[in-house]
Amino acid sequence: MFPVVAAALIAVAGAGLPAGGPAPEPGPQIRNPDDRRDPRTRYRRALPPQAMRMFERYPLRPVGPDEVRHEFYFTRLAYSGTTYRGGASWSVDFPKADRQFMVGLKRLLDHLDAYAYDNAIVATDENLFRYPFLYSVEVGYMMLSPDERDQLRRYLLAGGFWVIDDFWGSWEWANLERELSLLLPDHPIVEIPLDHPIFHCFYDVEEILQVPNVGQGMYGGPTSERDGYTPHVRGIYDDDGRLMVVINWNTDLGDAWEWAEDEWYPVRFSHYAYQMGVNFVVYAMSH
Amino acid sequence: MAGLFEFLFKYRPALFDEGRFTLAAPGWMQVAALLAGAALVFAAFTYRRLRPGAGAERYRWLPPTLRSLAIAVLVLCLLQPALVLSTVVPRESFVGVLIDDSRSMAMPDEDAAGDGTRGGAVREALSGEPGSLLQLLEERFQVRQLAFGRGAERIESIDQLRFARADSRIGEALVSATDELAGLPLAGVVLLSDGADSAPAELGDALLALKAAGTPVHAIGLGRQRLEKDIEVARVVAPRRVLRGATVEVEVTLGQTGFGGRTVNLEVEDDGRIVNVEPVTFPRRSTAVTARVMFAASDEGAREFRFRVAGQPGEELTLNNERIALVEVTNRKERIFFFEGEPRDESKFLRRAVRFDENLHLVSMTRQAANKFYGINFDEDTKRFDGFPNRREDLFKYQGVILGSMEASFFTHDQMRMLVDFAARRGGGVLLLGSRRSFSEGGFAGTPIAELSPLVLQEVEPASGEGRPELIHDLQLALTPQGRSHPATLLRDDRAESNELWSTLPRLSAYQRATEVKAGATALVKAESPMVRDSLIAMAHHRIGRGRAIAFTPHDSWHWQMSADIPLEDQTHERLWRQLLRWLVSYVPDQVEVETDRDRFEPGSTVTLRAMVRDAAFREVNRAQVTAAIELPSGAEVEVPLDWSVERDGEFVGAFVAGERGHYRVGVEARSEGELLGVAASRFTVDTLNEELFDAARRDSVLGRIARETGGRQVELDEMESLVEDLAVSREGTTVREARDLWDMPILFLLLVAFLGGEWAVRRRLGMA
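Residues numbered from 1 in each chain as written. Chains lettered and ligands numbered in written order. Predicted model: local features only at pLDDT ≥ 70, side-chain atom pairs only at ≥ 80, totals over all residues.

Looking now at the overall build of chain A. Across its full length, chain A carries nine helices and nine strands. Across the 287 residues in chain A, those meeting the buried criterion constitute 48%. Sequence-distant contacts, at least 24 apart, represent 76% of the contacts inside chain A between residues at least 6 apart. (Helix = DSSP H or I, 4+ residues; strand = E, 2+ residues; numbered from the N terminus. Buried ≥ 20, exposed ≤ 12 C-beta atoms within 10 Å, placed from the backbone. Contact = placed C-beta atoms within 7 Å.)

Okay, structure coming up:
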């Protein structure tokens, strides 16, 4: 019992949410990736304990100016929101999913000049515009501040691309829908048809699979969570017809990347998740 | 000089040229020789006895030599030297007087006699009054007067001169004058003109014919050699065809006299609308200045752009202050093939920037993985292929090619050569983008593609494995002087604002370290970074054969679109690439092209149509059926077949006489073995031109050339007496031989005095007296 309580306390403190105090600062305190400080210090206040532990199992990512010299960064949006399982919701599966996806991506798109590590950034960071590809999870708990919304809106309309993943059921959808209606009020969310180039620009994806979380995937449980029985790939187009937001609802591509090396995780799901991920990157870098 | 010659030798040099030297008393030769010999012996004998004073021994030979020379002059006189000339029989030979009756002759001229115009001076010279040219000529010749503009016609009196003909084709006039006078004993032709020739190309052939016929043409120049105060729009070099919305780049040459150092405004007018006003300052020491003006061609169709300088106070002639250029503004879509070696944000944002450009169709092919390409925007006309095309026919369908981050080792030698040919032979535009795999860093030094690069490439050790060339950050871009007026760098409508903007844009980065452009290439943008000592070249271009190539080395211009500092509505990035790509594909030839040698003609002119015909691989085709359909201003259509010119591969020529005034459309269709090779269109206008009013001062070069090549002389009007004299000794016409004495030439007397006086002075000096 003690470790659980301790972990929860650390997580609350780490997320920087003073109990009963004034309204929290928006978002976790992630510095921009040029920061030369120890990454553990950098993410300390925002990472949930399990993510922190995971982080320690992996080699430290190199830091320094070299980080901004690649063509592609798998950039995770560290948005403001409520906590999720004791940590910031944005950091679920972070950084292992990100790093493991990059291993696969670099192998599959062998001419892509991609940075091999994770890269998290807050929406209000002015360097956000340097990374035209964003990835977010657990957006059911996302609550963007006006400043974040403002910057993110400009980012997307200027040419940025945002992949949203790993959120389930009608309750979480309602939260995302509310956030997106505030973010991009004039741009509706629509279902992306299967003949859209995003499903064919590298791999031909013929059907939308529901990718279960690691637990349910390994133990053969149902693939859905909560009331999210049917997976959807929806999106938001800009005024020129370019897809700028892709929403993977009722599916968890991130877990499939993260546990792809585990022999108990069904290869069908990790295979599909990589195909989708590669297509997202190719589409984002060509449209 | 000629006057001195005439004083010493009694006659003008022309007579010595025409005549033959002879001795009228050859029978005296032996007597003279005997006398001369005796005189010389006597002189030698006399001097043998005389001894010079001390120290003068070595000049002893001088007095006898001088005396011998004096004796030789006397002997020459005894032999009666003479000049044998053919002179015309009075009133039996003919002289043609060819009078320029064109509009330029009505131009006022301060120095001219009569009513103060060049034509007035002609009227006075040909009035027949005593002392006039006509009277002098008629004393010795039968005179035929001919007036010319285009071709020459006989006139009976000067009252028939109007000085209002549209153009003056001197070559054509000389030919028709000799035809008119053929069969007559012609002593020569007198040309009265200001030298303004509206068809200078024809002059050479006409002169050859006259030279062969041996007819001397004497030219009397009319008008001043130089206007005191005048400005003219001497030349306008404009593209025949541009894309709608493109920036049109036109070179305008302004000539001036008397306005050195003055700044004038050069206005560009499109259908009554002023589209640009460019201030131009005339240099103090030169009569011409070339200004580059740019303006947007916003309306589709055949547009007549007028280039004009307003009349200046004191300017003598303002009718030559305007020229018109016909530019066809098209709305077609030019195709560009973008070959990219890796997924890059630069290519994504570049494609996005030109996505909605109505006149650019960007087809892109991006290598995602080894041998896996992703093609976007292929249409039915452009054959789909994977990777880089292997056939010229596939690549040459495009007007432009963009080469992204693709290393040299990817291409076969043939593919590289094909890309060079794409620019050099096909005339396409190639844009080379900076990246970790391009230019020197991509291993292109020493390959055919190095020819395409305007930058000097170096052998660079290729980066292996995860290694990469070092990226140079914080590049501050700045326009070079050439870049400040180049259409590809125009980021705002206002040039000054645009030039300022370049230095305020977000800083970029690049892998390329090129600091030098090749000879003949032009650097447009330079870049400075704290990481490097020298300033680098960020943008440069050059011509390759018929086409052009441009290099842009920064690899992240997309930061001008995606930046916290750039407002969403800012169009800088879009404008950069649209401008650059439009410039890249402007003036790229098609398989079949047709053009006329000018775009404006006088009514009744012969318009020569010239078509170039090539196949899909842009090889010239000589066996083709080429037909031009000309739509007249009245709406009627005329078909003109074009034939292979033989002089040049793929060139087909046809001619058409344009009578109606107005705009003409030419449509050309070329077929080979029943298969359509292509169609082309062109336009021209027929209207009254004021060609003669340009370069309005007297053109001595033209008149001098005519006289020189036909054996005549160029003279001023007040030298008409000597001109008549020259004509009288002509070998042409009805002539008699006449010997003129030379023994009484003043030069002989002067020589005699000089030799004898010299002998006497030398003898006194040497103490031999």
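From this point, the discussion proceeds with the structure in view.
The next thing to look at is the packing of helix 9 (residues 345-354) of chain B against helix 14 (residues 572-585) of chain B. All names here are of chain B. One can describe the packing of helix 9 onto helix 14 by two numbers: an axis separation of 8 Å at closest approach and a directional angle of 80 degrees. Taken together, the axes of helix 9 and helix 14 lie roughly perpendicular to each other. Between helix 9, through Phe349, Leu350, Ala353 and Val354, and helix 14, the contact on the second element is made entirely by His573, Glu574, Trp577, Arg578 and Leu581. Considered class by class, the residues forming the contact of helix 9 with helix 14 number six nonpolar, one polar and two charged. (Axes fitted to C-alpha atoms, helices over the stretch in contact; angles between N-to-C directions. Parallel < 35°, antiparallel > 145°, perpendicular 65-115°, else oblique. Nonpolar A, V, L, I, M, F, W, Y, C, P; charged D, E, K, R; others polar.)

This part takes up the domain arrangement of chain B. In many reports, interface size means the accessible area that the parts give up when they come together. Structurally, chain B comprises domain 1 (2-87 + 739-766), domain 2 (90-224 + 697-733), domain 3 (230-330), domain 4 (334-585) and domain 5 (592-691). Between domain 2 of chain B and domain 3 of chain B, the C-alpha centre-to-centre distance is 35 Å. (Domains from an automatic or database assignment.)

This brings us to the nonpolar core. Among the nonpolar cores identified, the biggest contains 153 residues, and Ile336, Val401 and Val430 of chain B are the most heavily contacted of them. At 11 residues, the largest contribution of residues to this core is made by helix 9 (residues 267-284) of chain A. Beyond its immediate stretch of four places on either side in the chain, Ile336 of chain B contacts Leu360, His361, Leu362, Tyr398, Gln399, Gly400, Val401, Ile402, Leu581 and Val585 of chain B. Leu98, Ala173, Leu210 and Leu222 of chain B belong to the second-largest nonpolar core, a separate cluster that totals 54 residues. (Core = buried A, V, L, I, M, F, W, Y, C linked by C-beta atoms within 7 Å.)

Helix packing geometry: the angle between the two helix axes and the distance between the axes. All names here are of chain A. One way to put it is that helix 4 (residues 96-108) packs onto helix 9 with a least axis distance of 10 Å and a crossing angle of 70 degrees. Viewed along their axes, helix 4 and helix 9 adopt a mutual orientation that is roughly perpendicular. The crossing of helix 4 and helix 9 is right-handed. Where helix 4 abuts helix 9, its residues Phe101, Gly104, Leu105 and Leu108 lie against Tyr274, Gly277, Val278 and Val281. (Left-handed = near helix turned anticlockwise from the far one by under 90°.)

With that out of the way, let us pick up the sheet that holds strand 29 (residues 625-631) of chain B. Residues and elements named next belong to chain B. Across the sheet, which stays open at both edges, the eight strands sit in the order 26-28-31-30-29-32-33-27 with mixed pairing between neighbours. Among the strands making up the open sheet, the edge pair consists of strand 26 (592-596) and strand 27 (600-601). When strand 29 meets strand 32 (residues 662-672), the two strands line up antiparallel, connected through seven bridges. Pairing of Glu631 across the sheet is with Arg665, part of strand 32. (Pairing = 2+ DSSP bridges.)

Okay, the interface of chain B and chain A next. Each side of the interface is counted separately: chain B has 23 residues, and chain A has 23 residues. Sorting the residues of the side of chain B that touches chain A by element identifies helix 9, strand 17 (360-369) and strand 18 (372-376) of chain B as the ones contributing at least two each. Among the residues forming the side of chain B that touches chain A, the class breakdown is 11 nonpolar, five polar and seven charged.

This paragraph deals with the pairing of strand 5 (residues 133-137) of chain A. Residues and elements named next belong to chain A. For strand 5, the buried fraction is high: four of the five residues fall into the buried class. Here strand 1 (residues 75-77) pairs with strand 5 via two bridges, running parallel. Its bridge partner lying in strand 5, Arg76 is registered against Tyr135. Relative to strand 6 (residues 161-167), strand 5 runs parallel, the two being bridged by five bridges. Bridge pairing links Phe133 to Phe161 in strand 6.

Here we come to the sheet that holds strand 17 of chain B. Residues and elements named next belong to chain B. Spatially, the 10 strands line up as an open sheet ordered 18-17-16-19-20-25-24-23-21-22, and their pairing is mixed. Each edge of the open sheet is held by one strand with a lone partner, namely strand 18 and strand 22 (508-510). Taking each pair of neighbouring strands and ignoring which way they run, the sheet shows an average axis angle of 25 degrees. Note that strand 17 and strand 18 share five bridges and pair antiparallel. Looking at strand 18, one finds that Met365 is bridged to Gly375.

This paragraph deals with helix 9 of chain A. In a regular helix each residue adds 1.5 Å, so 18 residues correspond to 26 Å; helix 9 of chain A covers 25 Å between its end C-alpha atoms and thus fits that length. The buried count for helix 9 of chain A comes to 14 of 18 residues, which makes it a mostly enclosed element. (Expected span 1.5 Å × (residues − 1).)

With that settled, the discussion passes to helix 15 (residues 700-710) of chain B. All names here are of chain B. Among the residues of helix 15, those classed as buried are Val702, Leu703, Ile706, Ala707 and Thr710. The arc that holds every buried residue of helix 15, seen down its axis, measures 125 degrees, which confines them to one face. Directly beyond the C-terminal end of helix 15, a positive phi value near 90 degrees is found at Gly711. (Arc of directions from axis to C-beta.)

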